[in-house]
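Listed below are the residues making up each chain.
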Amino acid sequence: MSVNTWIIVAGDPAIGNLIDTARSLGGSVSVAVVGPRAVADTVAAAGVDKVVWFGEPGAVPAEAYATVVADAVAAATPGLVLAANRASDRVLLGATAARLQAPVLAAVSSITADGAGLVANCSVFGGIAEETVTVTGPLALLLEGGPVPAASTTVPVEELPATPLGITVVETKPSSFEQVDLGAAPRVVGIGRGLKTQEDLALINALADAAKAEVACSRPVAEGLDWLGKDRYIGVSGAHITPDLYFAIGISGQLQHMVGVRGAKTIVAINTDPNAPVFKEADYCLVGDLYALVPALTAALK
Ligand SMILES: Cc1cc2nc3c(=O)[nH]c(=O)nc-3n(C[C@H](O)[C@H](O)[C@H](O)COP(=O)(O)OP(=O)(O)OC[C@H]3O[C@@H](n4cnc5c(N)ncnc54)[C@H](O)[C@@H]3O)c2cc1C
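Cut-offs applied
Residues numbered from 1 in each chain as written. Predicted model: local features only at pLDDT ≥ 70, side-chain atom pairs only at ≥ 80, totals over all residues. Heavy atoms only, no water. UniProt positions renumbered as here; feature names shortened; annotations may be inferred. Helix = DSSP H or I, 4+ residues; strand = E, 2+ residues; numbered from the N terminus. Contact = heavy atoms within 4.5 Å. Buried < 20%, exposed > 50% of the residue type's maximum accessible area, 1.4 Å probe, protein only. Polar contact = N/O pair within 3.5 Å; in protein donor to acceptor, adjacent residues only side chain to side chain. Pairing = 2+ DSSP bridges. Axes fitted to C-alpha atoms, helices over the stretch in contact; angles between N-to-C directions. 1 Å grid on protein atoms, 1.4 Å probe; cavity = no way out; pocket = protein on both sides within 12 Å on 5 of 7 lines; lining within 4 Å. Points joined across faces, edges and corners; volume = space filled by probe spheres on them. Nonpolar A, V, L, I, M, F, W, Y, C, P; charged D, E, K, R; others polar. Core = buried A, V, L, I, M, F, W, Y, C linked by side-chain atoms within 4.5 Å. Near = heavy atom within 4 Å. Areas by Shrake-Rupley, 256 points an atom, 1.4 Å probe, with all protein chains shown as cover.

(A) Here's a closer look at the UniProt feature "binding site: FAD" (unreviewed entry) in the protein chain. Under the UniProt annotation, the feature "binding site: FAD" (unreviewed entry) is placed at Arg 193, Ser 218, Arg 219, Gly 250, Ile 251, Ser 252, Gly 253, Gln 254, Leu 255, Gln 256, His 257 and Asn 271. One can find Ile 251 in the loop between β13 (245-249) and α7 (255-258). Excluding residues within four positions of it along the chain, Ile 251 makes contact with Gly 190, Ile 191, Gly 192, Ser 218, Tyr 246, His 257, Asn 271 and Val 278. Along the chain, the position of Gln 254 falls in the loop between β13 and α7. With relative accessibility at 43%, the residue Gln 254 sits in the partly exposed group. Side chain to side chain, Gln 254 and Ser 252 meet in a polar contact 3.4 Å long.

(B) Main features of the sheet that holds strand β7 (residues 117-124). What the three strands build is an open sheet, ordered β6-β7-β8; its pairing is antiparallel. With one partner strand each, in any of the chains shown, β6 (108-114) and β8 (129-135) form the two edges of the open sheet. Pairs of neighbouring strands in the sheet enclose a mean axial angle of 20 degrees, with direction left out of account. Looking at chain direction, β7 and β8 are connected through seven bridges and run antiparallel. In the strand pairing of β8, Asn 121 is matched with Thr 132.

(C) Quick look at the layout of surface pockets. Considered as a void within the structure, the largest pocket measures approximately 860 Å³ in volume. Along its surface, the largest pocket is lined by 36 residues, and Asn 17, Val 108, Glu 144, Thr 242 and Gly 263 are the ones closest to its centre. Of all the elements in the fold, those that place two or more residues in the lining of the largest pocket are α1 (16-24), β6, β8 and β9 (139-143). Counted by class, the lining of the largest pocket contains 15 nonpolar, 15 polar and six charged residues.

(D) Geometry of the nonpolar core. Among the nonpolar cores identified, the biggest contains 34 residues, and Ile 7, Val 31, Val 33, Val 51 and Leu 141 are the most heavily contacted of them. Tallying contributions element by element places helix α2 (residues 37-44) first for this core, with four residues. Ignoring any residue separated from it by four or fewer positions in sequence, one finds Val 33 in contact with Val 9, Val 39, Ala 40, Val 43, Val 51, Val 52, Trp 53 and Phe 54. In terms of nonpolar packing, the next biggest core, distinct from the first, is built from 24 residues, Ala 66, Val 73, Ala 74 and Leu 100 among them.

(E) Inspection of the site of the ligand at higher detail. In the vicinity of the ligand, 25 residues are found, and the nearest of them are Arg 193, Ser 218, Ile 234, Ser 252 and Asn 271. Within the contact set of the ligand, an oxygen atom lies 2.6 Å away from a side-chain nitrogen or oxygen of Ser 252. Leu 290 is positioned with one of its backbone polar atoms (N or O) 2.8 Å from a nitrogen atom of the ligand. Summarising the interface, the protein chains cover 72% of the accessible area of the ligand, which totals 990 Å² for the free molecule. Counting residues per element, the ones that place at least two in the shell around the ligand are α6 (219-222), α7 and α9 (290-301). Taken together, the residues that form the shell around the ligand break down as seven nonpolar, 14 polar and four charged.

Laid out in structure tokens, this is it:
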């Protein structure tokens, strides 16, 4: 059984993982885009079959398009609707699922189609257990976005006239931390409580620059120590990432952290404790002091 899928995008075209998931089910892959035209153009070149775009949003937040997106996607009667696990995307997916009377699942590790419907494996209790569910009607899934793929073909962007709901952005103030979308990063350097001072983040930033990576952290570094923004911590209550390469540096590797990096293709861990749990899940285990190993790695990468 093949399944026709719609992907909903609210301003961030990082949907590589969603396209792979949709393609694995064999049906058509269509995308509904809310946001600037450039986002629709990027998605149209990412290896999908159809892209619809709801026009320039101006000062209107993506959430204002919830009903028009829900109506357009529901009219196509998809078997599956996907969105990346980001704030605005979640709102649009929820509205569409309600319109389709479809259940919404999050933390899904795999999805397949059999003769009767869809079968999803979902991680539950913070990754301690996995639940298998079957769904006979349409289904909506929240997944990690993944880097946007570059495909060889581009499809035309179809513009749909849309009247958004009455919400307007009147002011935007930047937070004191630089925002980051870890889900779209191909390489991530994660730092934990093995770092002694905030000033020592300079070592981590230098490695990230050399590796062309984003900097992330364990939860205590962002909540408690407050050395990095809360959008930079990874784990069950933080970001779930799917990079090609993840460095776990001075991170013990507790379950609550590791469930956020299980989608990483390669994990390199640095820890002074040879029995640190992180080494059970790492592909490359460097037992040693981060203050010696990180500068050495940075120099080697340069
Ligand atoms: C409900 C709940 C939700 C949670 N959600 C999250 C979450 O989403 N994300 C998350 O990260 N955590 C989460 N936690 C916290 C989690 O359980 C761990 O406490 C946390 O991940 C530990 O962070 P850490 O590895 O940085 O620190 P630690 O566990 O203190 O580990 C520090 C590590 O650094 C090593 N080290 C020390 N010095 C050096 C050195 N010089 N060189 C190299 N290595 C060194 C140590 O050997 C140690 O392994 C959650 C906890 C709860 C209860």
